[in-house]
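# Examination of the molecular architecture
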Amino acid sequence: MILLRTKKELESFLSLTKNNDEIGLVPTMGALHEGHLSLVSKALSHNQKVIVSIFVNPTQFNNQDDLIKYPKTLEADIELLTQISSELAIFSPTVEEIYADGVKTKSYQFDGLDKVMEGEFRDDHFNGVGTIVEMLLRLTKPTRAYFGEKDFQQLQIIKKMVKLQQLPVTIIGCPIVREPNGLAMSSRNERLTKSMRNEASFIYKTLQTAKLKFGTKSAPKVIEWVQEKFDKHDSLKLEYIEITDVETLTPIQRKQKNVKYRAFVAVYADDVRLIDNIALN
Ligand code: AMP
């Protein structure tokens, strides 16, 4: 395992790779769990070299409290990654190293992908995500970069950004890894009490039933049903439920043949904000 703390160290690591070595990049914010590790395993199976970046990017947090409370566990992360492969490179720079010219966020034309759901509820979040991922892609120059469907909207935004900036990289989406009770794995789950972690399995159970209902009912009926289920739940507060076209992320008007749809939710469990989604057809 090689730990790279600066852009200079990253550059010298890259200069030692062979010309035809394919490089896989897995961008993360650390506090790693099996969801992240599934991306790393996929990257290892496709590429000769794999870089895992660990960087808690301040420009994508609209809520300072969320940024301060975000778990930072670099030593444990390194240990976990070492168990998977001794061949990995970890790029874990400081904020000052990345934003040497000041913390600035670029503005992208995401064609509305950034205006719904997470974009609506988290101001400028996706410009922050686009800025850091573009920077990481330019620094590490990977053949492929790996992102989880857990953050499905982010995955679509990154594909769009790569197209806009004409970056020579293939973006690979990876399925959501869940806890045994169905809760989507997330670094934020660490902040849940044990009983809340159990309660939160309700999110995926509700999405699974919504999927079944979507087979026979209209989207507004399914949305209404989900809202009612959460209204009756004491400790989980639904922020949004949206059913959208998977490509454009525009909210569904009426079901169309040959269009793929997904349902997306954001839910507060105490003060911890959780997101999840499910393919509907
Ligand atoms: P994060 O550290 O939360 O920024 O996540 C880093 C990457 O891991 C993102 O591409 C996420 O979508 C992905 N990821 C996080 N949780 C999961 C999960 N439960 N299953 C699959 N991918 C995940």
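The present account deals with the structure reproduced in this document. Since this is a predicted model, take the numbers as computed values, not measurements.

## A short note on the sheet that holds strand β5 (residues 144-148)
Taken together, the six strands give an open sheet; going across it, the order is β1-β4-β3-β2-β5-β6, and neighbouring strands pair in parallel fashion. Looking at the sheet topology across the chains shown, the edges are occupied by β1 (2-4) and β6 (170-174). This sheet shows a mean twist of 25° between the axes of neighbouring strands, independent of strand direction. Where strand β3 (residues 49-54) lies against strand β4 (residues 89-91), three bridges are found, and the strand directions are parallel.

## Considering the packing of aromatic side chains
In total, this model carries seven aromatic pairs according to the counting rule given. Here the aromatic rings of Phe55 and Tyr99 are separated by 6.3 Å at their centres, their planes lie at 45°, and the arrangement is tilted. Of the two residues, Phe55 is situated in the loop between β3 and α3 (64-69) and Tyr99 in the loop between α5 (95-98) and α6 (118-121); the sequence distance between them amounts to 44 residues. We classify Phe55 as buried; its relative accessible area is 6%. With a centroid separation of 5.2 Å and 85° between ring planes, the pair formed by Phe202 and Phe230 is classed as edge-to-face. Taken as a pair, Phe202 in helix α10 (residues 201-214) and Phe230 in helix α11 (residues 219-231) lie far apart in primary sequence, 28 residues in all. For Arg178, the ring lying beneath its charged end belongs to Tyr204, and the centroid distance is 3.5 Å.

## A word on the environment of Ile172
You can see Ile172 is positioned in strand β6. Those residues in contact with Ile172, other than ones at most four positions away along the chain, are Lys42, His46, Arg144, Ala145, Tyr146 and Phe147.

## A short note on unusual backbone geometry
Non-glycine residue Met117 carries a positive phi angle of around 45°. Along the chain, the position of Met117 falls in the loop between α5 and α6. With a phi angle near 60°, Leu249 is a residue other than glycine that sits in the positive phi range. Inspection of the secondary structure assignment puts Leu249 in the loop between β7 (236-245) and β8 (261-269). In this structure Leu249 comes out as buried when scored by relative accessible area, which is 1%.

## Quick word on the pattern of salt bridges
For the structure shown, the criterion picks out 17 salt bridges. One salt bridge connects Lys69 with Asp271, and the closest N-O pair in it is separated by 3.3 Å. Here Lys69 is found in helix α3, whereas its partner Asp271 is found in the loop between β8 and β9 (272-279), with 202 residues between them in sequence. Across the pair Asp111 and Lys160 runs a salt bridge whose closest N-O atoms are separated by 2.7 Å. Separated by 49 residues along the polypeptide, Asp111 in the loop between α5 and α6 and Lys160 in helix α8 (residues 152-164) bring together distant segments of the chain. Among the residues examined, Asp111 registers a relative accessible area of 59% and is labelled exposed. Take Lys160: its relative accessible area is 22%, and that puts it in the partly exposed class. Taken together, the shared-partner salt bridges in this structure form one network comprising Asp65, Asp66, Lys69, Arg188, Arg191 and Asp271.

## Brief notes about the site of the ligand
Taken together, the neighbourhood of the ligand is formed by 17 residues, with His36, Gly148, Asp151, Val177 and Met185 sitting nearest. Between the ligand and His36, the relevant distance is 2.9 Å, taken from an oxygen atom to a side-chain nitrogen or oxygen of the residue. Asp151 is positioned such that a nitrogen or oxygen atom in its side chain is 2.6 Å from an oxygen atom of the ligand. Those elements that place two or more of their residues in the shell around the ligand are β2 (23-28), α2 (34-46) and β5. With three residues, α2 is the largest single contributor of residues to the shell around the ligand.

## Overview of the pairing of β6
Of the pairings in the sheet, the one linking β5 to β6 comprises five bridges and is parallel in character. Counterpart to Phe147 in the pairing with β6 is Gly173. Each parallel crossover has a hand, and for β5 linked through α8 to β6 it is right-handed.

Thresholds applied
- Residues numbered from 1 in each chain as written.
- Predicted model: local features only at pLDDT ≥ 70, side-chain atom pairs only at ≥ 80, totals over all residues.
- Heavy atoms only, no water.
- Pairing = 2+ DSSP bridges.
- Helix = DSSP H or I, 4+ residues; strand = E, 2+ residues; numbered from the N terminus.
- Axes fitted to C-alpha atoms, helices over the stretch in contact; angles between N-to-C directions.
- Phe/Tyr/Trp six-rings, centres within 6.5 Å; stacked < 30°, edge-to-face > 60°.
- Buried < 20%, exposed > 50% of the residue type's maximum accessible area, 1.4 Å probe, protein only.
- Lys NZ or Arg CZ within 6 Å of the ring centre and 35° of its normal.
- Contact = heavy atoms within 4.5 Å.
- Salt bridge = Lys/Arg side-chain N within 4 Å of Asp/Glu carboxyl O.
- Near = heavy atom within 4 Å.
- Polar contact = N/O pair within 3.5 Å; in protein donor to acceptor, adjacent residues only side chain to side chain.
- Right-handed = clockwise from strand over helix to strand, strands pointing away.

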